[in-house]
Amino acid sequence: MTGDHRFVMVLRELLHNRHFQVNLLTERSRWRAQKNGLPQGSVLAPLLFNIYTNDQPSSPNTSRFLYADDLALTSQHTSFEEVEADLTVALNNLSVYYKENSLKPNPSKTESCAFHLRNNQAGHKLDITWQGVPIAHNSHPKYLGITLDRSLTYRKNCENVKKKVHSRNNILQRLTTTKWGASPQVLRTSGLALAFSVGEYACPVWGRSAHAKLVDTALNETCRIITGCLKPTPVQLLYPLAGIAPPDVRRTVASSAERAKMDDTRHPMHGFIPAPQRLPSRRSFMKCVDPLTTGQAQARCALWRQKVSLPTPFV
């Protein structure tokens, strides 16, 4: 018996003869057979689902971005009518695929958005129908946790990130009460884990936005909580006292690290050539930063020393 056959038998034991029961207060339903689907919370479930749906069709003049069960279809043309026609054909092809593979799409949860720089048509909504259901328009769709907008300024996303950091700061504030308080080390670690992790999520995408400073104000408050400094304390002193590099430095290094990953031939975007930029304010990290050649901690310190006007021991 080969190793591949053993692995298939293990998967068979994982998926066959599964039953479920519904409990509501003190009542229980009878046991029913689970004829399809994957066990929730299983380590192999996401991988098996990706294998099962990896052959989804790609329609002409469209691109697709797939992450687990989250599929985004895009089309680029000079007129809205051409985009609507291409996306309609792509959705119809997916309907055929889903029916053949016992998958059920949900058109009511599908959204559309048009990305363009035509201010006189800022409110244009794409006219797309899928399985008889009109696709809803969303001017600020969210994809993988990033809020997008028509002209990709990322203003709405930065505003949302600022609110999230503020809510995490409230949690961090609980560790600094007068009755009991955490040590500086614990506060710093908690601040990095709670606030900075949220404030830097996917920052290579939106980090060069003009609205990124909205996030900086919330992270400044995080450092004030960690250090115990008050409002009059200059911002340039907060980060040396907290032992944390400023947000712009951390975002630049994170972008460089992401750019370095693209040099790997296994990366999905290896060899990708970005489209020419039409606006100076839309600066992709793929063109603006160099690949990281050292560790991120070393790169942050080196870049921090270049930008800061304080004596070297402060960094």
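Residues numbered from 1 in each chain as written. Predicted model: local features only at pLDDT ≥ 70, side-chain atom pairs only at ≥ 80, totals over all residues. Heavy atoms only, no water.

### Digging into a nonpolar patch on the surface
Note the threshold: Patch definition: residues with relative accessible area over 30% and no salt bridge; like charges joined within 9 Å; nonpolar side chains (Val, Leu, Ile, Met, Phe, Trp, Tyr) joined within 5 Å. The protein chains shown are the only cover counted for residues, whose accessible areas, like all others here, come from Shrake-Rupley with a 1.4 Å probe. Salt bridge, as used here: a side-chain nitrogen of Lys or Arg that lies within 4 Å of a carboxyl oxygen of Asp or Glu. Helix and strand assignments come from DSSP, with helices taken as H or I runs of at least 4 residues and strands as E runs of at least 2, each series counted from the N terminus.
Side chains of Y67, L144 and Y201 sit close together on the surface and give an oily, nonpolar patch of about 330 Å² of accessible area. Mapping L144 onto the fold places it in the loop between β11 (142–143) and β12 (146–147).

### Some remarks on the pattern of salt bridges
Our working rule: Working definition: with a 1.4 Å probe on protein chains only, accessible area under 20% of the residue-type maximum means buried, over 50% means exposed, and in between means partly exposed.
As enumerated under the stated definition, the model contains nine salt bridges in all. The residue K231 makes a salt bridge to E221 at a minimum N-O spacing of 3.3 Å. Here the residue K231 occupies a position in the loop between α7 (213–227) and α8 (235–242), and E221 occupies one in helix α7, the gap between them amounting to 10 residues. With a relative accessible area of 23%, E221 lands in the partly exposed category. Close ionic contact of K261 with E258 constitutes a salt bridge, the shortest N to O distance being 3.6 Å. Taken together, the residues K261 and E258, both in helix α9 (residues 247–261) and three residues apart, mark about one turn of the helix.

### As for the state of the cysteines
Disulfide: a covalent bond connecting the sulfur atoms of a pair of cysteines. Put simply, the test is: Cysteine sulfurs are considered disulfide-paired once they come within 2.5 Å of each other.
According to the stated counting rule, one finds zero disulfides in the structure shown. For the unlinked cysteine C113, the closest cysteine sulfur is that of C158, found at 17 Å. C223 takes part in no disulfide bond, and the closest cysteine sulfur to it belongs to C229, at a distance of 9.3 Å. Assessed through its relative accessible area of 0%, C223 is described here as buried.

### So, unusual backbone geometry
The residue N61 is not glycine, and still its phi comes out positive at about 65°. You can see N61 is positioned in the loop between α2 (45–52) and β5 (63–67). Phi at Q131 takes a positive value of approximately 55°, unusual for a residue other than glycine. Residue placement: Q131 occurs in the loop between β8 (129–130) and β9 (133–134).

### Examining the environment of A72
Test applied: By definition in these notes, contact holds between two residues if any of their heavy atoms fall within 4.5 Å.
When you line up the elements, A72 lands in strand β6 (residues 70–74). Contact partners of A72, with chain neighbours within four places excluded, come to S63, R64, F65 and Y143.

### Structural notes on the nonpolar core
Quick note on the threshold: Among buried residues, the Ala, Val, Leu, Ile, Met, Phe, Trp, Tyr and Cys ones that are joined through side-chain atoms within 4.5 Å form a nonpolar core.
By size, the foremost hydrophobic cluster in this structure holds 32 residues, and its most contacted members are V165, W206, L219 and Y239. Mapped onto this core, the elements with two or more residues apiece are α4 (155–173), α5 (184–199), α6 (203–206), α7, α8, α9 and α11 (296–307). By residue number, the principal contributor to this core is α7, which donates six residues. Here L219 is in contact with V165, A195, F196, Y239 and P247, once residues within four sequence places are set aside. Grouped together as the second largest cluster of nonpolar side chains are 12 residues, V83, L91, Y97 and I128 included.

### A word on the pairing of β5
What counts is decided by this rule: Here, strands pair whenever DSSP counts at least two bridges between them.
Pairing analysis gives five bridges linking β5 to β6, with the strands arranged antiparallel. Each bridged residue has a counterpart across the sheet, and for Y67 the counterpart in β6 is D70. Once β5 ends, the chain turns through two residues before running back antiparallel as β6, passing A68 with a positive phi of about 55°.

### Structural notes on the packing of α9 against α11
Counted only if it meets this: All axes here are fitted lines through C-alpha atoms, helices being fitted over the stretch that makes contact, and every angle between N-to-C directions spans 0 to 180 degrees. Each angle gets one of four labels, with under 35 degrees taken as roughly parallel, over 145 as roughly antiparallel, 65 to 115 as roughly perpendicular, and the rest as oblique. Two helices that cross are described as forming a left-handed crossing if the nearer one is turned anticlockwise from the farther one by less than a right angle, and a right-handed crossing if clockwise. Gly falls in the polar group here, along with every residue not listed as nonpolar (Ala, Val, Leu, Ile, Met, Phe, Trp, Tyr, Cys, Pro) or charged (Asp, Glu, Lys, Arg).
Remark: α9 packs on α11, axes separated minimally by 9 Å, with the N-to-C direction vectors making an angle of 135°. Between α9 and α11, the angle is such that the two are oblique. Like other packed secondary-structure pairs, α9 and α11 cross with a definite hand, here right-handed. Judged by residue contacts, D248, V249, R250, T252, V253 and A257 of α9 engage Q296, A299, R300, L303, W304 and K307 from α11. When grouped by side-chain class, the residues that make up the contact of α9 with α11 number six nonpolar, two polar and four charged.

### Observations concerning empty space enclosed by the protein
Stated precisely, the cut-off is as follows: Put plainly, a pocket is an open set of points on a 1 Å grid over the protein atoms alone with protein on both sides within 12 Å along at least five of seven lines, a cavity is a set where a 1.4 Å probe fits but cannot get out, and a lining residue has an atom within 4 Å of a point. Grid points are joined across faces, edges and corners, and a volume is the space filled by probe spheres set on the points.
In this structure the tally under the stated criterion is one cavity of 30 Å³ or more. Quantified by volume, the largest cavity comes out at close to 40 Å³. Taken together, K142, G145, T147, N157, N160, V161 and K164 make up the full set of residues lining the largest cavity. Broken down by element, the lining of the largest cavity gets its largest block of residues, four residues, from α4. Partitioning the lining of the largest cavity into residue classes produces one nonpolar, four polar and two charged.

### As for the environment of N220
As for its position among the elements, N220 is in helix α7. A sequence separation of 91 residues divides N220 from T129, and the C-alpha atoms of the two residues are 46 Å apart. Setting aside chain neighbours within four positions, we find N220 in contact with V235, L238 and Y239.

### Examining the packing of aromatic side chains
Note the cut-off: Here the aromatic set is Phe, Tyr and Trp, taking the six-membered ring for Trp, and pairing holds for ring centres within 6.5 Å; pairs whose planes are under 30 degrees apart are stacked, those over 60 apart are edge-to-face, and all others are tilted. A ring has a charge above it when a Lys NZ or an Arg CZ is no more than 6 Å from the ring centre and no more than 35 degrees off the ring normal.
Taken as a whole and assessed by the stated rule, the structure comprises one aromatic pair. On the basis of an interplanar angle of 65° and a centroid distance of 5.8 Å, the ring pair of Y97 and Y98 is categorised as edge-to-face. Neither Y97 nor Y98 differs from the other in exposure class; each is buried. The ring of F80 carries R118 above its face, with NZ or CZ at 5.5 Å from the centroid.

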